[in-house]
Amino acid sequence: MGLSEHIVMRELDVPAINDFEVYRRHGGWEAYRMALKEKNPADIVAMVKESGLRGRGGAGFPTGIKWGFLPKGVYPRYLLCNCDESEPGTFNNHQIIDRNPHQLIEGVALSAFAIECHTAYIYMRGEFAAAAITLERAIAAAYRAGFLGKNILGTGFDLDIYVHRGAGAYICGEETALMESLEGKIGQPRLKPPFPAVAGLYGKPTIINNVETLANVPRIVEKGVAWYRSHGTEKSPGTKCFSLSGHVNRPGNYELPFGVPLRELIESPEYGGGMRGGREDHHPRRGLGPLADPRAPRCAPRLRERRRRRFDARLRGGDRPRRYGEGAPRGLQDGRVLQARVLWKMHSLPRGHPLAGQGAASHRRRGPRRARGYPDFA
Amino acid sequence: MLLETHRADIETILSRYDSRRSAVLPLLYLAQDTYGHLTDAAIREVAAILDLPPTDVFEVVGFYTLFYNRPVGTWVLQVCDDVPCCYLGAEELITALKQSLGIAEEQTTGDGMFTVQRVKCLAACDRAPVLQANLDYVYDVTPERVNTLLDNLRARAAEARQRGVSGRFAEDFEWGPDGALAPIDRAAPYRPRQFPAAPPPAPPPPEPVPEADAGHDRPADRKASPL
């Protein structure tokens, strides 16, 4: 079940799409130009709402509805793009910025137009240093072409997009911690409510979306809601970039419509290519990708099947937003799949780190409460 | 001093934000690259530029892991030891690095060239094991490649001193077919990594347990779980 055309990972279809001119020739910035000239912001919000686009950062909240939470008539507003990709096992945002940066910038620009904001920040984790340079060059190209700046295309719309680099803090991927960090403070999450849409960056209404979410927006506006909804499932339209790592034959990012069974993603020679060593013991973890040791000892088939069904259900876009890494240590202990040293690592994670899980096993953790590099959540 | 040498940079940075305080991270990066690491004087200088109490800036420096308030090597090697990398040999890589350099983690070599640190996921798990040298990614660093890598970095030491450790001029690297390091080609279409197909001779899998629940023995008189 492949894709005839990629929505976000377009470098697979179009060579050198990281070049501004190539992106332009393949319809890039046309959606933005059309939106500015012919539509008003409410039209774009309505389109995104109808498209059913859901946040790709993990919680899966419908993007259009989130935009609708902005209080009317309160300005300035801010748009933040969350590129603090630090969850172990995820690496698709990194790739989108490396290989298809213009689409992200167009997505940020379009979304900024839709929510009527004039300053957008792309918050990248500090480690994405070279990617930040790539993105800044791409933004500079957009300024030169007149798609950003003052009075864009003569429509009177002003927009500035800035790249802001964090400096090494996992927690800054949390949206309110990210705002604190952008305000120049230490990245401690705020209490909610008030939600960012009401009082976010500098206390002003703020929308914050993930890289992959925003990179979807130009394609929705360009090709229309019906085209977008023809991918994926009823409740989760579109595609998702799945990050496969660990003991699979072909680790990498794969963009697939929602609804593809996880087993196919791992086993298909087109995608994961199966487990190294030919074992069938999958212990896929959302957020951590499939973690499975081919040398693993036995695991009861029924339990395995049950887990597989549960994860398939989530991949199909079930309604319940779940925590990343939920219950991971328990599954790992029961199935005894991990090498001892990896298991030790899980044990040494701080309480509150997503990998430490919220499940029944987390209280059985032994070892130190804190791991170096993470702030104390307790 | 920063204000004299980098006034244009500082003004560009300040113009991006509606609050001066937001510029603290970019300015600390600038100070770190200018002075080698964040000395007390450098931190106070940044605080003065932003009209902030120095404690606030000290707090920020202490919170974020990419700021160094102590001397570090010309190259700071940050090796990912999170789970996906660990599977593909991150521990072996760290051991090989420590042996080649003769130092422990968080230490700097005697010639001031290398500092080795462990870090958590660097978001490049498909190219594991991964490390960053002054925030330049180096993908797929197997232990056998450690010496080639270190030689390459030593040869580029002058460049590293000029650029600083903050990654403001970073570049990512991968291994070319000739076994040398080359900057990655971002124009090339993304290709998933392909491990060599030849599987090791698989040992016969142990007999699967027909019962549910992961091999836990259950007394014969207890009913199976309704789940």
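Residues numbered from 1 in each chain as written. Chains lettered and ligands numbered in written order. Predicted model: local features only at pLDDT ≥ 70, side-chain atom pairs only at ≥ 80, totals over all residues.

J.: I tried to follow unusual backbone geometry on my own but got confused; where do I start?
T.: With the exception of glycine, the majority of residues adopt a negative phi angle, and the majority of peptide bonds are in the trans configuration. Omega for the peptide link from A:Lys192 to A:Pro193 comes to -5°, which places this bond in the cis form. You can see A:Pro193 is positioned in the loop between helix H8 (175-182) and strand S5 (206-210). Between A:Pro193 and the following residue, A:Pro194, the backbone shows a cis peptide bond with an omega angle of 5°. Relative to the elements of secondary structure, A:Pro194 occurs in the loop between H8 and S5. One non-glycine residue, B:Ala123, adopts positive backbone phi at about 60°. Positionally, B:Ala123 belongs in the loop between strand S2 (114-119) and strand S3 (131-133). We classify B:Ala123 as buried; it has 27 C-beta atoms within 10 Å. Even without a glycine there, the phi angle at B:Asp140 is positive, about 55°. (Helix = DSSP H or I, 4+ residues; strand = E, 2+ residues; numbered from the N terminus. Buried ≥ 20, exposed ≤ 12 C-beta atoms within 10 Å, placed from the backbone.)

J.: Looking at this structure, how should I read the pairing of strand S2 (residues 119-124) of chain A?
T.: Residues in a regular strand point their side chains to alternate faces of the sheet. Residues and elements named next belong to chain A. Most of S2 sits out of view: six of its six residues are buried. Alternating residues of S2 divide into Thr 119, Tyr 121 and Tyr 123 and Ala 120, Ile 122 and Met 124, and every residue in both groups is buried. One ladder, built from six bridges, connects strand S1 (residues 78-83) with S2; its direction is parallel. What sits directly across from Asn 82, in S2, is Tyr 123. Pairing of S2 with strand S4 (residues 157-165) involves six bridges; the strand directions are parallel. If you follow Tyr 123 over to S4, its bridge partner there is His 164. (Pairing = 2+ DSSP bridges.)

J.: Would you mind going over helix H3 (residues 24-35) of chain B with me for this structure?
T.: At 3.6 residues per turn, the α-helix brings residues three or four places apart onto the same side. With 12 residues, H3(B) extends 16 Å from end C-alpha to end C-alpha; this agrees with the ideal 16 Å at 1.5 Å per step. Most of H3(B) sits out of view: nine of its 12 residues are buried. B:Val24, B:Leu25, B:Pro26, B:Leu27, B:Leu28, B:Tyr29, B:Leu30, B:Ala31 and B:Gln32 are the residues of H3(B) that are buried. For H3(B), the elements touching its buried residues are S4 of chain A together with helix H1 (2-5), helix H2 (7-15), helix H4 (40-49) and helix H5 (54-63) of chain B. Positive backbone phi, approximately 90°, marks B:Gly36, located one or two places after H3(B). (Expected span 1.5 Å × (residues − 1). Contact = placed C-beta atoms within 7 Å.)

J.: I tried to follow the nonpolar core on my own but got confused; where do I start?
T.: Inside soluble globular proteins, nonpolar side chains tend to come together where they are buried. Of all hydrophobic cores here, the largest spans 147 residues; its most connected members are A:Val108, A:Ala109 and B:Leu28. If we ignore the near neighbours within four places in the chain, the residues touching B:Leu28 are B:Leu38, B:Val46, B:Val60, B:Val61 and B:Phe67. (Core = buried A, V, L, I, M, F, W, Y, C linked by C-beta atoms within 7 Å.)

J.: I'm lost on the confidence of the model for chain B in this one. Help?
T.: Interpretation of the predicted coordinates at a detailed level should be avoided for regions scoring low in pLDDT. Mean pLDDT over chain B stands at 89; residues scoring 70 or higher make up 88%. As a predicted assembly, this complex carries a pTM of 0.81 together with an ipTM value of 0.85. (pLDDT = per-residue confidence, 0-100.)

J.: Honestly, the sheet that holds S2(A) in this entry has me stumped. Any pointers?
T.: Note on sheets: strands pair through backbone hydrogen bonds, and any given pair is parallel or antiparallel. Residues and elements named next belong to chain A. Across the sheet, five strands lie side by side as S3-S4-S2-S1-S5; this open sheet has mixed pairing. Looking at strand neighbours, the two that pair on one side only are strand S3 (149-152) and S5, the edges of this open sheet. Taken over all neighbouring pairs, the strand axes of this sheet differ in orientation by 20° on average, direction set aside. Contacting S2, S3 and S4, helix H7 (residues 129-144) runs over the sheet at an angle of about 165° to S4. (Axes fitted to C-alpha atoms, helices over the stretch in contact; angles between N-to-C directions.)

J.: Teacher, can you tell me more about the packing of helix H3 (residues 41-51) of chain A against helix H6 (residues 101-114) of chain A here?
T.: Packed helix pairs are characterised by how far apart their axes lie and by the angle those axes make with each other. Across the interface, H3(A) lies against H6(A) with an axial gap of 7 Å and an inter-helix angle of 115°. Contacts between H3(A) and H6(A) involve A:Pro41, A:Ile44, A:Val45 and A:Val48 from the first element and A:Leu110, A:Phe113 and A:Ala114 from the second.

J.: Just checking my understanding: could you explain the packing of H4(B) against H5(B) for this structure?
T.: All names here are of chain B. In the contact formed by H4 and H5, the axes pass within 8 Å of each other and the chain directions differ by 120°. Considered as vectors, H4 and H5 are oriented oblique to each other. Judged by the twist between their axes, the crossing of H4 over H5 is right-handed. For the pair formed by H4 and H5, the contact residues are Ile 43, Arg 44, Val 46 and Ala 47 on the first element and Pro 54, Val 57, Phe 58 and Val 61 on the second. (Parallel < 35°, antiparallel > 145°, perpendicular 65-115°, else oblique. Left-handed = near helix turned anticlockwise from the far one by under 90°.)

J.: It is not clear to me how helix H8 (residues 146-155) of chain B should be interpreted in this structure. Could you clarify?
T.: All names here are of chain B. Those residues of H8 not exposed but buried are Val 146, Leu 149 and Leu 153. Burial along H8 is one-sided: seen end-on, the buried residues are contained in an arc of 65°. Turned more than 90 degrees off the buried face of H8, the exposed positions are Asn 147, Asp 151 and Ala 155. Where H8 is buried, its residues touch strand S1 (75-80), helix H7 (90-101), S3, strand S4 (136-138) and strand S6 (181-183). (Arc of directions from axis to C-beta.)

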